[in-house]
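Structural description and commentary
Now for the letters of each chain:
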Amino acid sequence: MTFTSEHLETYQRDGYVIVRNLFTKAEVERLYGVAVGDAVLTTKTYDRVDASGMKTRLALWYALDDSLYSKFARSARILQGVEQILGGRAAHYHSKLMQKEPRTGGAWEWHQDYGYWYKNNGFLFPDMLSVLTALTPATQENGCLQMIKGSHKMGRVEHGFSGEQVGADLEKVNEALKIMPLEYLEMEPGDTAFFHCNTLHASAANLSDKPRWSIITAYNLASNKPYKDVHESSYTPIDFYDGDLLAEDEAGISETADFLVKR
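Please read all numbers here as calculations on a predicted model, not as lab measurements.

Observations concerning the sheet that holds strand 12 (residues 201–203)
Read across the open sheet, the four strands follow the order 5-12-7-10; overall the sheet is antiparallel. Of all strands in the sheet, those with a lone pairing partner are strand 5 (108–111) and strand 10 (182–185), marking the two edges. Neighbour-to-neighbour, the strand axes of this sheet turn through a mean angle of 20°, independent of strand direction.

In structure tokens form, the structure reads like this:
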């Protein structure tokens, strides 16, 4: 599959769109296998605790390297859609591997990505989006993404802390849910969701006996340079990668990938 004009129209209307089968089963199995056995990634993974005390594990990094993760982030299949959405050259803000383990994986509170990026990272304009590729099946039972359709049109909502997470003003969220549809983004491995940085989204705890893993990359319009917490990758245009994601010599992530360290 490719990102089409119909996908772009849906994204602009709803604030998100899923492109089914953007990556093959073999490609995501390869990435999942590399991630599970990646010693560096394991040492850089940390927990985020939700309001009920349950934990989701993640690793987040800013710099692109020669790893398979970076080749996914630079994939022409993704970037062709990202640059249509942004209307210009894309830069890599960060990537993260989300690991919601069986029975223990916590919820993510209602939030907008830009609610955090504006306040804490100094991006003045919401010319940003996230792209999530499912590495394992995502279902309601194991805590798939929930989106409030059209909520990106509300603009930025104020955010505060909920547990160790940043959450949106619940008064605004509850009012939005009265007038906008809620959708559960159930996805198969290889399905890829593009979502606007102001789209309100959340996910429930993983109550199933199966893991929910995904890789999420945040992209920025290269001209939208932040004024604080600056990482060079966030304003450096990305070179597309159109090579073989199944090559057997793919490396795991490097120690120098500029990881976020939990404070």
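A look at the pairing of strand 11 (residues 192–196)
Across the five residues that make up strand 11, a large majority, five, are buried. Going residue by residue along strand 11, you find Thr 192, Phe 194 and His 196 tucked away on one face and Ala 193 and Phe 195 tucked away on the opposite face as well. Sheet topology note: the strand 1 (residues 16–19)/strand 11 ladder contains four bridges and is antiparallel. The residue bridging Val 19 from the neighbouring strand is Thr 192, located in strand 11. Pairing of strand 6 (residues 128–134) with strand 11 involves five bridges; the strand directions are antiparallel. Within the sheet, the bridge partner assigned to Leu 132 lies in strand 11 and is Ala 193.

Definitions and limits used
- Residues numbered from 1 in each chain as written.
- Predicted model: local features only at pLDDT ≥ 70, side-chain atom pairs only at ≥ 80, totals over all residues.
- Heavy atoms only, no water.
- Pairing = 2+ DSSP bridges.
- Helix = DSSP H or I, 4+ residues; strand = E, 2+ residues; numbered from the N terminus.
- Axes fitted to C-alpha atoms, helices over the stretch in contact; angles between N-to-C directions.
- Buried < 20%, exposed > 50% of the residue type's maximum accessible area, 1.4 Å probe, protein only.

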